[in-house]
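# Examining the three-dimensional arrangement
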Amino acid sequence: MAHFRVLAGLTVLSAPGDHVQSRSISEVRMHQDYDDTTYDNDVTLLLLSSPFNFTDHVQPACTPHNVTHEVALNFSHCFISGWGSSYYKGLLQEAEVELVDRTTCNLSTWYNGLVTENMICAGQESGAVDACQVLIFVHFL
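Residues numbered from 1 in each chain as written. Predicted model: local features only at pLDDT ≥ 70, side-chain atom pairs only at ≥ 80, totals over all residues. Heavy atoms only, no water.

## Observations regarding unusual backbone geometry
Note on backbone geometry: most residues besides glycine have negative phi, and most peptide bonds are trans. Of note in this structure, Asn41 is not a glycine but carries a positive phi near 60°. Mapped onto the fold, Asn41 is located in the loop between strand S2 (21–30) and strand S3 (44–48). Positive phi, normally seen in glycine, also occurs at Asn112, with a value near 50°. Mapped onto the elements of the fold, Asn112 is located in the loop between helix H2 (102–105) and strand S6 (122–123). (Helix = DSSP H or I, 4+ residues; strand = E, 2+ residues; numbered from the N terminus.)

What follows is the structure, given as structure tokens:
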């Protein structure tokens, strides 16, 4: 992992700017049940060499405190962000998308049963906004 670094505060790939913080990766932990055929349990944790310093440009992701808190929040939308396709020329993009129930996602006209209980399905039925070709970070409302 010596060749990889995690950057925070970056909004343009070609111009890091003054607000970027860089950390090396000390440890990588893939989910023990990750399936590279179905992408089930597609989550990995990275232990950084040191914590990021939170600033106006670097903030922690908000997560529910527990399952009860998650249910009480009644999520219906979330934000996705990432670098997008080359069309966006390396600019960080963000979009609000609707969470879609698994039954709908697994219809034969959608993902045909490929979405497991360990996955989040989000987007727009029109396909106008999605997370294709994006490093995905999900931020719930």
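## What to know about the state of the cysteines
Applying the stated criterion to the full structure yields 1 disulfide. Sulfur-sulfur distance for the disulfide between Cys105 and Cys121 comes to 1.4 Å. Between Cys105 and Cys121 the sulfur-sulfur dihedral comes to about -40°; the bridge is accordingly left-handed. You can see Cys105 sitting in helix H2 and its partner Cys121 sitting in the loop between H2 and S6, a full 16 residues away along the chain. The burial state of Cys105 is the same as that of Cys121; both residues are buried. (Disulfide = S-S within 2.5 Å. Buried < 20%, exposed > 50% of the residue type's maximum accessible area, 1.4 Å probe, protein only.)

## Description of the sheet that holds S2
Spatially, the 3 strands line up as an open sheet ordered S1-S2-S3, and their pairing is antiparallel. The open sheet is flanked by strand S1 (5–8) and S3, the only strands paired with a single partner. Recorded for the sheet is a direction-independent mean angle of 50° between the axes of neighbouring strands. Inspection of the sheet shows S2 paired to S3 by 5 bridges, in the antiparallel sense. For Val28, the partnering residue across the bridge sits in S3 and is Leu46. (Pairing = 2+ DSSP bridges. Axes fitted to C-alpha atoms, helices over the stretch in contact; angles between N-to-C directions.)

## A short note on the pattern of salt bridges
Evaluation of the coordinates by the stated rule reveals 1 salt bridge. Here Arg29 and Glu27 are joined by a salt bridge, their closest N and O atoms 2.7 Å apart. Judged by its relative accessible area of 55%, Arg29 is exposed. (Salt bridge = Lys/Arg side-chain N within 4 Å of Asp/Glu carboxyl O.)

## Here we look at the side chain of Asn41
The class of Asn41 is buried, set by a relative accessible area of 11%. Here the side chain of Asn41 touches Asp33 through a polar contact of 3.2 Å, landing on its backbone oxygen. With sequence-adjacent residues up to four places away left out, Asn41 is seen in contact with His31, Asp33, Tyr34 and Asn118. (Polar contact = N/O pair within 3.5 Å; in protein donor to acceptor, adjacent residues only side chain to side chain. Contact = heavy atoms within 4.5 Å.)

## Comments concerning the environment of Leu91
Examined against the element boundaries, Leu91 turns out to sit in the loop between strand S4 (77–82) and strand S5 (93–99). Residue Leu91 is classed as partly exposed on the basis of its relative accessible area of 40%. Along the primary structure Leu91 and Ser14 are separated by 77 residues, whereas in three dimensions their C-alpha atoms are 8.7 Å apart.

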